[in-house]
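Observations on chain architecture
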Amino acid sequence: MDYALKKDKVIELRDVNKTYPGIVPLHVLKDITLDIRKGELVSIMGASGSGKSTLLNILGILDNYDSGTYHLDGVLIKDLSENRAAELRNRMIGFVFQSFNLINYKNALENVALPLFYQGIGRKKRNALAMEQLERMGLADRAHHLPSELSGGQKQRVAIARALVTKPSLILADEPTGALDSKTSKEVMQVFRDLNNDTGMTIVIVTHDPTVGAATDRVIRIVDGRIENNV
Amino acid sequence: MKTSFFDIENWREIGATLARNKTRTFLTAFGIFWGTAMLAMLFGGAQGFEGVMRRNFAGFSTNLGAVIANRRSIPYKGFTKGSGWNLTTRDVELIRQLAPAIEYSSEMNSRGATAAYGSKTKSTTVSGVEGDYSKIMIPVINEGRFINNGDVAAERKVAVVGKDVATSLFGNESPIGKYISLNGIYFKVVGIASQLSDVQINSRLDESVILPSSTMRRAFNSGNSIGFFLYTAPPGKSPSDNEATIRRIVSSAHSISPEDKNAIEFMDISETFKMIDNLFLGISLLALFVGFGSLLAGVIGVGNIMWIVVKERTQEFGIRRAIGAKPLDLTIQVLSESIMLTLVAGTLGVCFGALVLGIADKLTYDPLLGHAGFELTFRAAIIIVGLFFILGSLAGTIPAIRAMKIRPIEALNDR
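About the thresholds
- Residues numbered from 1 in each chain as written.
- Chains lettered and ligands numbered in written order.
- Predicted model: local features only at pLDDT ≥ 70, side-chain atom pairs only at ≥ 80, totals over all residues.
- Heavy atoms only, no water.
- Helix = DSSP H or I, 4+ residues; strand = E, 2+ residues; numbered from the N terminus.
- Contact = heavy atoms within 4.5 Å.
- Patch = residues over 30% accessible without salt bridge, like charges linked within 9 Å, V, L, I, M, F, W, Y side chains within 5 Å.
- Areas by Shrake-Rupley, 256 points an atom, 1.4 Å probe, with all protein chains shown as cover.
- Salt bridge = Lys/Arg side-chain N within 4 Å of Asp/Glu carboxyl O.
- Buried < 20%, exposed > 50% of the residue type's maximum accessible area, 1.4 Å probe, protein only.
- Pairing = 2+ DSSP bridges.
- Polar contact = N/O pair within 3.5 Å; in protein donor to acceptor, adjacent residues only side chain to side chain.
- 1 Å grid on protein atoms, 1.4 Å probe; cavity = no way out; pocket = protein on both sides within 12 Å on 5 of 7 lines; lining within 4 Å.
- Points joined across faces, edges and corners; volume = space filled by probe spheres on them.
- Nonpolar A, V, L, I, M, F, W, Y, C, P; charged D, E, K, R; others polar.
- Phe/Tyr/Trp six-rings, centres within 6.5 Å; stacked < 30°, edge-to-face > 60°.
- Lys NZ or Arg CZ within 6 Å of the ring centre and 35° of its normal.
- Core = buried A, V, L, I, M, F, W, Y, C linked by side-chain atoms within 4.5 Å.
- pLDDT = per-residue confidence, 0-100.

**Digging into the overall build of chain B**
Across its full length, chain B holds 13 helices and 12 strands. When contacts within chain B are restricted to residue pairs at least 6 apart in sequence, long-range pairs at least 24 apart make up 78% of them.

**What about a nonpolar patch on the surface?**
Residue and element names in this part refer to chain B. Side chains of F26, L27, F30, W34, F352, L355, I359 and L363 sit close together on the surface and give an oily, nonpolar patch of about 860 Å² of accessible area. Residue assignment for the nonpolar patch shows that the elements contributing at least two residues are α2 (22–55) and α11 (327–363). Along the chain, the position of L355 falls in helix α11. Since its relative accessible area comes to 52%, L355 is described here as exposed.

**Some points on unusual backbone geometry**
Even without glycine at this site, I61 of chain A takes up a positive phi of about 55 degrees. You will see that N221 of chain B, though not glycine, has its phi angle at about 55 degrees, which is positive. Judged by relative accessible area, N221 of chain B falls into the exposed class, the value being 69%.

**What to know about the sheet that holds strand β4 (residues 67–72) of chain A**
Residue and element names in this part refer to chain A. Pairing is antiparallel in the open sheet, where four strands are placed in the order β2-β1-β4-β5. The sheet is open, and its two edges are formed by β2 (26–37) and β5 (75–76), each paired on a single side. As defined by bridge partners, β4 adjoins β5 across two bridges and the pair is classed as antiparallel. Bridged to L72 within β5 is V75.

**Comments concerning the pairing of strand β3 (residues 41–45) of chain A**
Residues and elements named next belong to chain A. Among the five residues in β3, five count as buried, and that is most of the element. Judged by which residues are buried, β3 turns out to be covered on both faces: L41, S43 and M45 on one side and V42 and I44 on the other are all buried. Note that β3 and strand β8 (residues 202–207) share five bridges and pair parallel. Note on β8: the bridge partner recorded for M45 is T207. Bridge count for β3 against strand β9 (residues 218–223) is four bridges, and the pairing is parallel. Opposite I44, over in β9, you have I220 as the bridge partner.

**Examining the side chain of T54 of chain A**
Residue and element names in this part refer to chain A. Within the secondary structure, T54 sits in helix α2 (residues 52–59). Of the residues examined, T54 reaches a relative accessible area of 8% and is grouped as buried. For T54, the side chain forms a polar contact with the side chain of Y20, separated by 3.4 Å. When residues no more than four places from it in sequence are discounted, the contact partners of T54 are K18, Y20, V28 and L29.

**Focus on empty space enclosed by the protein**
Residues and elements named next belong to chain B. Tallying each qualifying case throughout the model produces four cavities of 30 Å³ or more. A volume near 90 Å³ is recorded for the largest cavity. Every residue along the wall of the largest cavity is listed here: T17, L18, N21, R24, T25, T28, I305, M306, V309, E337 and L341. Sorting the residues of the lining of the largest cavity by element identifies α1 (8–20), α2, α9 (269–312) and α11 as the ones contributing at least two each. Class assignment for the residues of the lining of the largest cavity results in five nonpolar, four polar and two charged. One number sums up the size of the second largest cavity: a volume of about 60 Å³.

**Observations regarding the packing of aromatic side chains**
Residue and element names in this part refer to chain B. Within the structure shown, the criterion is met by 10 aromatic pairs over all chains. Feature note: the residues F26, F30, F33, W34 and F352 constitute an aromatic cluster, connected by ring pairs. We note R72 situated over the ring of F79; from NZ or CZ to the ring centre the distance is 4.0 Å. The ring of F187 carries K157 above its face, with NZ or CZ at 5.9 Å from the centroid.

**Brief notes about the nonpolar core**
Core analysis: the biggest nonpolar cluster contains 41 residues, and F317, V334 and L376 of chain B have the highest contact counts within it. The set of elements that each furnish at least two residues to this core consists of α4 (108–117) of chain A together with α1, α2, α9, α11 and α12 (378–405) of chain B. Looking at this core, the element that brings in the most residues is α12 of chain B, giving eight residues. For V334 of chain B, the residues in contact, after removing those within four places along its chain, are M306, V310, F317, G396, P399, A400 and A403 of chain B. Core analysis: the second largest hydrophobic core is formed by 36 residues, I61, I77 and F97 of chain A together with I319 of chain B among them.

**As for the confidence of the model for chain A**
Residue and element names in this part refer to chain A. Confidence along chain A averages 89 in pLDDT terms, with 96% of residues attaining 70 or more. Confidence, read as mean pLDDT per element, is least for helix α1 (residues 3–6) in chain A (42) and greatest for β4 (94). Across residues 1–6, confidence stays below pLDDT 50; counting only partners more than four residues off in sequence or on other chains, it has six contacts.

The structure is reproduced here in structure tokens:
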């Protein structure tokens, strides 16, 4: 394996298959081969049940795959222990979820700082780093507000700040605008666009919303477990 | 390795989590609080109860044996059934020489008499004892001294008056050095005594007059006959160990049939006290059983509540796993919560138990007999809290393992 060639690829999937066992086994991902380069803003689109969420879970080291290979920033992601998977998720991936997934009894600052807590960084430093990200998201004045005191757009920006705080190789967003109105959706997409333009952060967005897809550089369409086009 | 256990955020989070569910936290904490308080109170209470009961025997030797002369129940060597006999000083000498397990002993004669000082009189019991009597029935010496072996050997006409007798005859005046008459015979008062316990031999010491045994026999013309013989067995021995020897000596000296068990009445008080000891042991075991039951209920409560906490926070744990929490981080978090709850509530429970015991000890304090023993030693308190800590941790372990096994993908889908 030529590591030097892979260096500019954040995601490199080769013939990845995933089957959910059962009375009738469900072959969800079929021979997925996919490269995503550093600095790309990519969307993965597909109908419900197409396998896009399974793909996102595999990309996010939240789920295993059965065959093939997956390299994340040059690291082979295969048969990892729970601890190693947690460490890689923490260090290399920032997650943004449709339902924000903020911890409701922690304020915005604490939510953003939480990934750093699991890196063993001291409280002062992690709060300073978290505040930096909140400032970038224009939410410095909301740092001490609980999620319940924030609007949907603000919540999602807090979630993006949390995803960014560990300076990951990749942001994985699962329907990040799914719970937002069209105006706020545009704002959130603009955040991703600015982030991509300003920092060259690699961002992968899973969506079924064509408007979101249109706002990305590349759309990967997945149909019935296979990549239909890789534009 | 740095773990989240030592991070202040972990503890802030625990505080916040517990504070978020105030009622549930309170009820769980109360279960632990009550469990430890009950265990502490029952543990210390059983001790105190035993102390209160044992105060009734304070100063009284619990390994006491007594030999008393009764009428013959079997005709033997010309003596008819129902004929009487008396123990003698010669019997006592032989018993002291031959019996294998005697530590302290004293002959004892008692009779009723009228004590008088000046114009004041009082009906009382007069007892003649030897010096070691004060080691069998330890008296409280209010003034002066007790009868000693020198008094017995020299047949001194001295008396120790009971506290009540002294008050009746002398009022507030000190009787030491003064003479009282007993049925018209004068004795010099050398001491005032009273007794701690409620156990009495013949009559309460407070209401008696004690004379040297030799003086008593001589003054009241009883020759070498004695009423009964008291003795204690040394530690590790039983008064009954002497029974066979004593029966042999006395039967042979007084022509009593060896089969006549009724003629020589033999008392072993230690048997009674063994029963009392067993009763206290039973009470202590029952107290511990009930206490551990309360403790177990509290611990199961902690386990139960932590299980609910883990179930309720499955999605949160999923989020934490997604952003980098390792399984051990979540285990530590759940265990920390259960340990924190257990330690705080358990310590408060033990403190409450100690407070209640302290009040009980104060209420049962007797200036003469001292503390009853309603107390919880620091060691016992630490053991109780430690035990709760271990059991609480164990109770939190099952939910913590469940938290550890939560897969992020499933947890994130948990709505």
